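Understanding the architecture of this molecule
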Amino acid sequence: MSSPAIITTSFFFFVFFFFYISSLPLILTQTTVLQPLNVAEIERVNPKLPPRSFTLTTSKKFEGSSDLIHLRYHMGPVLSSSPINIYVIWYGRWSKPHKSLIRDFLNSISDAKAPSPSVSEWWRTASLYTDQTGANVSRSVLIAGEYSDAKYSHGQHLTRLSIQEVIASAARSASFPVDHKNGMYLVLTSHDVTMQDFCRAVCGFHYFTFPSMVGYTMPYAWVGQSGKQCPEVCAYPFALPGYMGHGGPGELRPPNGETGVDGMVSVIGHELAEVVSNPLINAWYAGEDPTAPTEIGDLCEGLYGSGGGGGYIGQVMRDREGKTFNMNGKGGRKFLVQWIWNPNLKACSGPNSVD
């Protein structure tokens, strides 16, 4: 159902163990200034690279691959109509720079002009998924409407059920159309809003609205801003838990200087990929239980580049200021976004692959 973008305690222990024995410190400079892309100033790094004696796979081309994974199609719809209309609901107090950063990521999905590796190229993997008619997930994504609820009309603590009340209120106030064919809601909560299971079990989730609460059925995703509450969980690898602070590399520098929001961008990408490929929880997922499906983002949790797996994020890029990223976006933006499952390769893939 939902895709908990969360690093569990056992996962952190695994990563910390190999950091300790391999002694691979990562030294990063500090700056928050956004610079234009200059290929000559970019280096490829694998900050979480395992020791040479530790072999993840005989082929680096199949990060995350396994014969035990059976992603199946369950005959439900995908979001194939073009464009996919996203109706953004900003819940809580949001600054203009933070809104701009997230908008730039969403607008980058359809921006074919960004240099490779790009967000648009990353989305091509999501577009490989089809419905029973053979129609692919649309490559075109549009911010079709926005609504800001800065007064916390449903309080500062939300639940999986009350999020539907937030959507219903926003849809009425903003006069969003009932866009069954190609629409979805994206609910983004500010750093001072708590959510049921947030930081403990989820960083984001997706589902669909109930007619009894919203008036109709439409897919939605929720993602929280974790910068104040749990950056070490939901903004990893831009923040690390305290027990990982000895003997291993430090946290990575976020590409736009915003630990909470840069981390949020990757969770948004994770959830969007799952919404479009499994909008009503009856399309693409692994496992037999539709109430707890393993989806195309879940299968690649923590993977950002070639050579990743087993707790290592893989090879990414770093600019001269130490900012780490793996994709280019609209207007010179850079992002670090996790890979998603490729149904053709039967493995995780992304545009920054060097295999």
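Right above here is the structure, for reference.
Everything in this summary refers to the structure shown in the same document. (Residues numbered from 1 in each chain as written. Predicted model: local features only at pLDDT ≥ 70, side-chain atom pairs only at ≥ 80, totals over all residues. Heavy atoms only, no water.)

Remarks on the environment of Leu 299
What counts is decided by this rule: Under the DSSP-based scheme used, a helix requires at least four consecutive residues in state H or I and a strand at least two consecutive residues in state E, with every element numbered from the N terminus. Whether two residues touch is decided by their heavy atoms; if any such pair falls within 4.5 Å, the residues are in contact.
Structurally, Leu 299 is set in the loop between β10 (284–286) and β11 (316–318). Put simply, Leu 299 and Trp 339 are 40 residues apart on the chain and 9.2 Å apart in space, counted from C-alpha to C-alpha. Among all residues touching Leu 299, those that are not within four sequence positions of it are Ile 69, Leu 71, Thr 294, Trp 341 and Cys 348.

A short note on unusual backbone geometry
The cut-off we apply is this: In this scheme, a residue with accessible area under 20% of its type's maximum is buried, one over 50% is exposed, and one in between is partly exposed, where area comes from a 1.4 Å probe on protein chains only.
That bond from Ser 82 to Pro 83 is cis: its omega, -5°, falls within 30 degrees of zero. Relative to the elements of secondary structure, Pro 83 occurs in the loop between β2 (71–73) and β3 (84–91). Cis peptide bonds are those with omega within 30 degrees of zero, and the linkage from Tyr 236 to Pro 237 qualifies with 10°. Its location among the elements puts Pro 237 in the loop between α5 (231–234) and α6 (259–277). In this model, Met 75 sits at a positive phi of 75°, which is unusual for a non-glycine residue. What makes Met 75 partly exposed here is its relative accessible area of 48%. Phi is positive for Ser 175, which is not a glycine, with a value near 55°. Summarising the element assignment, Ser 175 is placed in the loop between α4 (162–173) and β6 (183–189).

Thoughts on the state of the cysteines
Such a bond, covalent and formed between the sulfur atoms of two cysteines, is termed a disulfide. Basically, it comes down to this: What counts as a disulfide here is a pair of cysteine sulfur atoms lying within 2.5 Å.
Applying the stated rule across the entire model yields three disulfides. Note that Cys 199 is cross-linked by a disulfide to Cys 230, the S-S spacing being 2.0 Å. One disulfide, between Cys 199 and Cys 230, carries an S-S torsion of -70° and so falls in the left-handed class. You can see Cys 199 sitting in the loop between β7 (194–195) and β8 (204–208) and its partner Cys 230 sitting in the loop between β9 (219–224) and α5, a full 31 residues away along the chain. Under the relative-accessibility criterion, Cys 230 is labelled buried at 2%. Through a disulfide, Cys 203 is tied to Cys 234; the S-S separation comes to 2.0 Å.

Some words on the side chain of Asp 149
Rules: Under the counting rule used here, the positive set is Lys and Arg, the negative set is Asp and Glu, and His together with the chain ends is not counted. Salt bridge, as used here, is a side-chain nitrogen of Lys or Arg placed within 4 Å of a carboxyl oxygen of Asp or Glu. Pairs of N or O atoms are called polar contacts if they sit within 3.5 Å, as long as, within protein, a hydrogen donor faces a hydrogen acceptor (for residues adjacent in sequence, only side-chain-to-side-chain pairs).
Inspection of the secondary structure assignment puts Asp 149 in strand β4 (residues 141–149). Look at Asp 149: it is buried, it has no salt bridge, and the nearest opposite charge is Lys 151 at 8.1 Å. One polar contact links Asp 149 to Ser 153, side chain to side chain, over a distance of 2.4 Å. Excluding its chain neighbours within four sequence positions, the residues that come into contact with Asp 149 are Trp 90, Tyr 91 and Gly 92.

Overview of the pattern of salt bridges
Tallied over the entire structure, the rule returns nine salt bridges. Linking Arg 333 and Asp 104 is a salt bridge whose minimum nitrogen-to-oxygen distance equals 2.8 Å. Of the two residues, Arg 333 sits in the loop between β13 (327–328) and β14 (334–335) while Asp 104 sits in helix α2 (residues 96–108), which places them 229 residues apart along the sequence. Just as Arg 333 is buried, Asp 104 falls in that class too. What emerges from the salt-bridge pattern is a single network uniting Asp 319, Glu 321, Lys 323 and Lys 334.

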